[in-house]
Amino acid sequence: QYTISSDETILLFVAAGDWKRKGLPLIIDALSYLKKQVRFFVVGKDEISPYLAMAEENGVQDKIIFAGPCSDVKRFYAASDIFVFPSYFEAFSMVTLEAAAAGLPIIATKVNGIEELIQDGYNGFFVKHDSRDIANKIEILFKNQQLLKTMGENARKSAMRFRRQDVTKRTEEAFKKVIAMSKQNTVQERNY
């Protein structure tokens, strides 16, 4: 559909909106530092015109595909090599978890939720809010295809910790501990 050649590395960014807060300008700038042939999918919905202008200013408009909102984002995860998400704030990033479950190494900032998933150098890289740092981490994976593959496998394993049944079980255990502590405190208060 997008006429991508087999020698291109595919980067992916997914966000339902608020692309600026989620770091898209940093990635667009980072593309200008990359030497290898790359294509960058931007999946989701936001106002595209400022990002198109930014891409043209950086001379990378031919590297970016604005795919728009998508009900079947799995196909983009499956087609990509690296997930890039230098967000400034997240509560818990579901797209990062989805990308890890799809076996993509994650390049992201150390913010809420993401820092629980990513182990720097194991299943991805943490980056600063700096386009050169983002480009450098992408280049490391370009140059070492085995590392890219291993990090992707490790990302998938890491995502398994967040399976619904496991999270439900841990949440129930936490509630039971809080209830037990509350009962214990009530008994101690009565004894005073």
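Before any of the text, the structure's been laid out above.
Residues numbered from 1 in each chain as written. Predicted model: local features only at pLDDT ≥ 70, side-chain atom pairs only at ≥ 80, totals over all residues. Heavy atoms only, no water.

What should I look at first to understand the overall build of the protein chain in this one?
In terms of regular secondary structure, the protein chain is built from eight helices and six strands. Of the regular secondary structure in the protein chain, the N- to C-terminal order runs β-α-β-α-β-α-β-α-β-α-β-α-α-α. For the protein chain, the spread of C-alpha atoms along the principal axes amounts to about 75 × 35 × 30 Å. When each of the 192 residues of the protein chain is scored for burial, the buried share is 44%. Here the analysis covers contacts within the protein chain between residues at least 6 apart in sequence; of these, 66% occur between residues at least 24 apart. Working note: accessible area of the protein chain is about 10,800 Å², and carbon and sulfur atoms make up 51% of it. Between the averaged position of the 27 positive side-chain charges in the protein chain and that of its 24 negative side-chain charges there is a distance of 7 Å. (Helix = DSSP H or I, 4+ residues; strand = E, 2+ residues; numbered from the N terminus. Buried < 20%, exposed > 50% of the residue type's maximum accessible area, 1.4 Å probe, protein only. Contact = heavy atoms within 4.5 Å. Areas by Shrake-Rupley, 256 points an atom, 1.4 Å probe, with all protein chains shown as cover. Lys, Arg positive; Asp, Glu negative; His and termini not counted. Charge placed at Lys NZ, Arg CZ, Asp CG, Glu CD.)

So what exactly am I meant to see when it comes to the environment of S49 here?
With respect to the helices, strands and loops of the structure, S49 is situated in helix α2 (residues 49-58). Judged by its relative accessible area of 41%, S49 is partly exposed. Separated by 55 residues in the primary sequence, S49 and L104 place their C-alpha atoms 28 Å from one another. Engagement of the side chain of S49 in a polar contact is seen with the side chain of E47, the distance being 2.7 Å. (Polar contact = N/O pair within 3.5 Å; in protein donor to acceptor, adjacent residues only side chain to side chain.)

What is shown is where atoms sit, not what they do.
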